[in-house]
Amino acid sequence: MAVDVVVVGGGLVGLTTALLVRRAGAGSVAVVEARRLGEGTTGGTTGKVTSQHGLVYAQMIDRHGEDHARMYAEANQAGVELVATLTGEYGIDCDLTRAPALAYTRDPGRRRTVEEEAAAAGRLGLPASLVESVDLPFEVEAAVRFGNQLHFHAGRYVAGLAAALSAAGVAVFEHTRVLDVEEHRDGTARVRTAAATVRANHVVMATLLPIGTIGGYFAKTRPTRSFGLAARLRGPAPQEMTISVDSPTRSTRPWLDPGPNGLIVVGNGHDTGTEQDTQAMGEDLEQWTRSTFDVDSVDYRWSSQDYTTADHVPYIGRSPMNDRILVATGFKKWGLSSGGAAALILGDLIAGHDSPWLPVFDATRIGDAKAVGQLIKDNLKVGADLDRLRSHHGRDLAPGHDGVIDVDGDTVGAYRDEAGGLHAVRLACTHLGCRLCWNAAETSWDCACHGSRFDIDGNILNGPAVEALPTVNLSP
Ligand SMILES: Cc1cc2nc3c(=O)[nH]c(=O)nc-3n(C[C@H](O)[C@H](O)[C@H](O)COP(=O)(O)OP(=O)(O)OC[C@H]3O[C@@H](n4cnc5c(N)ncnc54)[C@H](O)[C@@H]3O)c2cc1C
Ligand code: FES
């Protein structure tokens, strides 16, 4: 079987790219998704579509110059407007709403930094201003306000893109995990799944992080997760989108489902797969929400993951060593705008055009070699830290508890579910072998090295791993 363009991954990036390349005239386009469309990070996002990514522009100008920062700003503003355009063109019902985005500090010591950011963003042509109050029930020291940004229901937007793809004749394969992508000696690429191998002129790796070892991106990015919740307040919720620049991060936006009282809150970012009390972190976010707002109910709770690159700019474009494989990764929790930019850049490259923004995002860049080196060192250290073994016997586990057991020299992770069932898996990550760590908040086995995650029966929740964990039969 041969296809012009295969897009691997059915999140915002994959679906937008598939639509743009099809509209630009690609002969045949297929999307291959391991789970259901939108079930990855796109389904666990806050839903802010904005070129305001915390405080980034002043520092970017300092480090890379004004032209570089302007390209980053333009690309992300284009990503924002792409969402508005596609929503309008396809009549997507996704609660798309214009609202300002504010990044604020409560710390007088940070006032200067916020002022500099407002000035820098304004110089780059972004709709930025400095303000001293935000739509939150507390005082702030200063905030950068970006006008005319967007928020939306990401799941409904994905559903709208899926309908547009179907109408455009793009084939979508859900529940199909890609196991490998490689360049063939005839110059095309091969995409391998358990059922078939497909030949493609171009393959877009839109899997949050490229799978396996493609391009070495696993070693040049850091996975982190954050908690989110959707609450109903007893009165009207803030209608602006806000994010603290102080730690811990607190990000809010209106949640329109229940009407004007709905609020989404996201925060407590943390490294994936480390021995932290994830349950306490989720509870802490809820506690902050309840102590800050008059909360009637918390209706949904979740956690989600994204990757950050060494220089905090996503890698978008051709993968090193392989012209046929294109990648988009390292969105630093801002992939709803940068993901649109990625789709525009990748669409241009596939159509054989240059992209004006490529110099900033170029996926073959080495970037700041010192920062990349530090990231790789951190990865190695994380692997070593995990080498602590808790001894336990599976049969002693109480319902709702996990344990790490030595079985004939193999480290096995066991979990007893609330119904008394025992689930046991080998704890060597199937990506590159790092030891997995228990995530109590999400009852999963997580890898600190590059962010792969597995459920209690070893099924993959997050790549770059492409193989499930082997299960182990422990006597109950
Ligand atoms: C808590 C949180 C809040 C966020 N809030 C915002 C926000 O407000 N604004 C913003 O701009 N950004 C936000 N982000 C970031 C943004 O959501 C992501 O950057 C963006 O959704 C990434 O889209 P994607 O398509 O690259 O990845 P995903 O949506 O994760 O899609 C990747 C897809 O690839 C599939 N896949 C993986 N491996 C394989 C394989 N081997 N074969 C086939 N398919 C595979 C996955 O199942 C998944 O569906 C947030 C991130 C987090 C974690
Ligand atoms: S994700 Fe790479 S070793 Fe686990």
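The structure this text deals with has already been given above.
Residues numbered from 1 in each chain as written. Chains lettered and ligands numbered in written order. Predicted model: local features only at pLDDT ≥ 70, side-chain atom pairs only at ≥ 80, totals over all residues. Heavy atoms only, no water.

Caption draft 1: How the structure looks around the sheet that holds strand 22 (residues 444-446). Read across the sheet, four strands follow the order 21-22-23-24 without closing on themselves; strand pairing throughout is antiparallel. The open sheet has two free edges, formed respectively by strand 21 (437-439) and strand 24 (460-462), since each of these has just one partner strand. Direction of pairing for strand 22 relative to strand 23 (residues 453-454): antiparallel, over a ladder of two bridges. Within the sheet, the bridge partner assigned to Asp446 lies in strand 23 and is Arg453. (Pairing = 2+ DSSP bridges. Helix = DSSP H or I, 4+ residues; strand = E, 2+ residues; numbered from the N terminus.)

Caption draft 2: Local environment of the pattern of salt bridges. A complete count under the given rule lists 26 salt bridges for this structure. For the salt bridge of Arg123 with Glu66, the shortest nitrogen-to-oxygen distance reads 3.4 Å. Taken together, the residues span a long stretch of sequence, with Arg123 in helix 4 (residues 111-123) and Glu66 in helix 3 (residues 66-89) at a distance of 57 residues. Classification of Glu66 as partly exposed rests on a relative accessible area of 29%. A salt bridge links Asp296 to Arg234; the nearest nitrogen and oxygen atoms lie 3.9 Å apart. Here the residue Asp296 occupies a position in strand 15 (residues 295-309), and Arg234 occupies one in the loop between strand 11 (221-233) and strand 12 (241-244), the gap between them amounting to 62 residues. (Salt bridge = Lys/Arg side-chain N within 4 Å of Asp/Glu carboxyl O. Buried < 20%, exposed > 50% of the residue type's maximum accessible area, 1.4 Å probe, protein only.)

Caption draft 3: Spotlight on the environment of Thr308. By the element assignment, Thr308 lies in strand 15. What makes Thr308 buried here is its relative accessible area of 14%. In this structure, the C-alpha to C-alpha distance between Thr308 and Ala231, residues 77 residues apart in sequence, is 28 Å. In this structure, Thr308 is in contact with Lys220, Thr221, Arg222 and Lys332, ignoring residues within four places of it in sequence. (Contact = heavy atoms within 4.5 Å.)

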